[in-house]
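# Close look at the chain arrangement
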Amino acid sequence: MEKRLVVNQSVRVTGDAGAILNLDGGMGYGQVIGHEAMELGIRRARETGACIVSLRDSHHIGRIGHWGEQCAAAGMISTHYVNVVGRPALVAPFGGSDARFATNPYCCAIPATEPGGEPIVLDMATSKIAMGKVRVAMNKGETIAPGTLIDAKGNPTEDPKTMFNSPTGAILAFGEHKGYGLAVIAELLAGAFTGGNTMKPDAWAKNTITNNMFSVIVDPARLGGADSWRRETQAFVDFVKASPKAPGSDGVQVAGEPERRTRARRNHDGIPVDATTWSEIIAAGESVGVSASQTNAAAGLN
């Protein structure tokens, strides 16, 4: 049965086994479903020390790091595996020449070691590049770095249009067999073990992005390093970041720092949007009754 976005939907508990929660998103807006799912998982982890959250059938839940940050802000360690169905595959398996799964993100978040501090948030696609960045490159008329894309015949290409042509090309997994292996694990944990779907040809024609997510949320106070994890975490981070700067680099950073720097810069300077992308935003607004002048005014351009 074809799945479609459902407005005003909340997450539904379909199974409760103490430290295991089975949730169904009912194809609701991912920003609502993801938040509600993590709130339930955090609450249960406080009670039991840990919670496995199995979430199936949510509309697009967006940046997975946001859910890791939500858990970290509550003082919890978390790890998340996500798959995507409902749209054609995007990423080629290692050794293959066409797409067989999506960009299947992985996230792990570690709480801040002190009040007011920043968490460590590793949030990444298992592909060499996110699909959104391919689209941005196409809209800006730029090429993609070598070793990132293959065309519909499996040949290397730097042209982002290959992902929007018919037949399409594919993005390669990061780290060759390693990224491919992690993508398969994300597909199975998120797609098969949640009771959702995995990427197969019969799922491609649904035409509605569907996310499934497998999350593990843990209260660090219940672990063996309950009294020392903050000290040990900070000591290790300080040691790693003390490595002398490599030539041509900005020095050592830990996961989450580059994103926070970018966020601060965007908050100060604004978000750069190329002309093609902005015209697409205008067109999307007009398709639902929002005029170009209204969109420009909302962006402070009038």
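Refer to the structure above for everything that follows.
A short tour of the structure in this document, coming up. (Residues numbered from 1 in each chain as written. Predicted model: local features only at pLDDT ≥ 70, side-chain atom pairs only at ≥ 80, totals over all residues. Heavy atoms only, no water.)

### A closer look at the pairing of strand β6 (residues 106-110)
For a regular strand, side chains alternate in direction, first toward one face of the sheet and then toward the other. Going by this rule: Any two strands between which DSSP finds at least two bridges are classified as paired. Secondary structure elements follow DSSP: runs of H or I no shorter than four residues count as helices, runs of E no shorter than two count as strands, and numbering proceeds from the N terminus.
Pairing analysis gives four bridges linking strand β4 (residues 77-85) to β6, with the strands arranged antiparallel. Bridged to His80 within β6 is Cys107.

### With respect to the layout of surface pockets
Short version of the rule: Each cavity reported here is a set of points on a 1 Å grid over the protein atoms alone in which a 1.4 Å probe fits but cannot get out, each pocket an open set with protein on both sides within 12 Å along at least five of seven lines, and each lining residue one with an atom within 4 Å of a point. Grid points are joined across faces, edges and corners, and a volume is the space filled by probe spheres set on the points. Side-chain classes are defined by residue name, with Ala, Val, Leu, Ile, Met, Phe, Trp, Tyr, Cys and Pro counting as nonpolar, Asp, Glu, Lys and Arg as charged, and the others, Gly among them, as polar.
Quantified by volume, the largest pocket comes out at close to 1900 Å³. Residue lining of the largest pocket: 47 residues in total, with Ile129, Ala130, Met131, Gly132 and Lys133 positioned closest to the centre. Counting only elements with at least two residues in the lining of the largest pocket, the list comes to β4, β7 (120-124), α3 (131-139) and α7 (257-269). The volume enclosed by the second largest pocket comes to roughly 230 Å³. Along its surface, the second largest pocket is lined by 15 residues, and Glu118, Ile120, Gln234, Val237 and Val254 are the ones closest to its centre. Those elements that provide at least two residues to the lining of the second largest pocket are α6 (229-241) and α7. In terms of residues, the lining of the second largest pocket owes the most to one element, α6, which gives four residues. Considering only residue class, the lining of the second largest pocket consists of six nonpolar, four polar and five charged.

### Considering the pattern of salt bridges
Here is the rule: For salt bridges, the criterion is a side-chain nitrogen of Lys or Arg within 4 Å of an Asp or Glu carboxyl oxygen. Categorising residues by exposure relies on relative accessible area from a 1.4 Å probe, with only protein chains included: less than 20% of the type maximum marks a residue as buried, more than 50% marks it as exposed, and the intermediate range marks it as partly exposed.
Taken as a whole and judged by the stated rule, the model has 13 salt bridges. The partner of Arg222 in a salt bridge is Asp219, with the nearest N and O atoms 3.9 Å apart. Residue classification places Asp219 among the buried positions, given a relative accessible area of 15%. Between Lys241 and Glu257 there is a salt bridge whose closest N-O contact spans 2.5 Å. Highlighted residues: Lys241 in helix α6 and Glu257 in helix α7, separated in sequence by 16 residues. Assessed through its relative accessible area of 33%, Lys241 is described here as partly exposed. One salt-bridge network, held together by shared partners, links Arg63, Glu69, Asp123 and Arg263.

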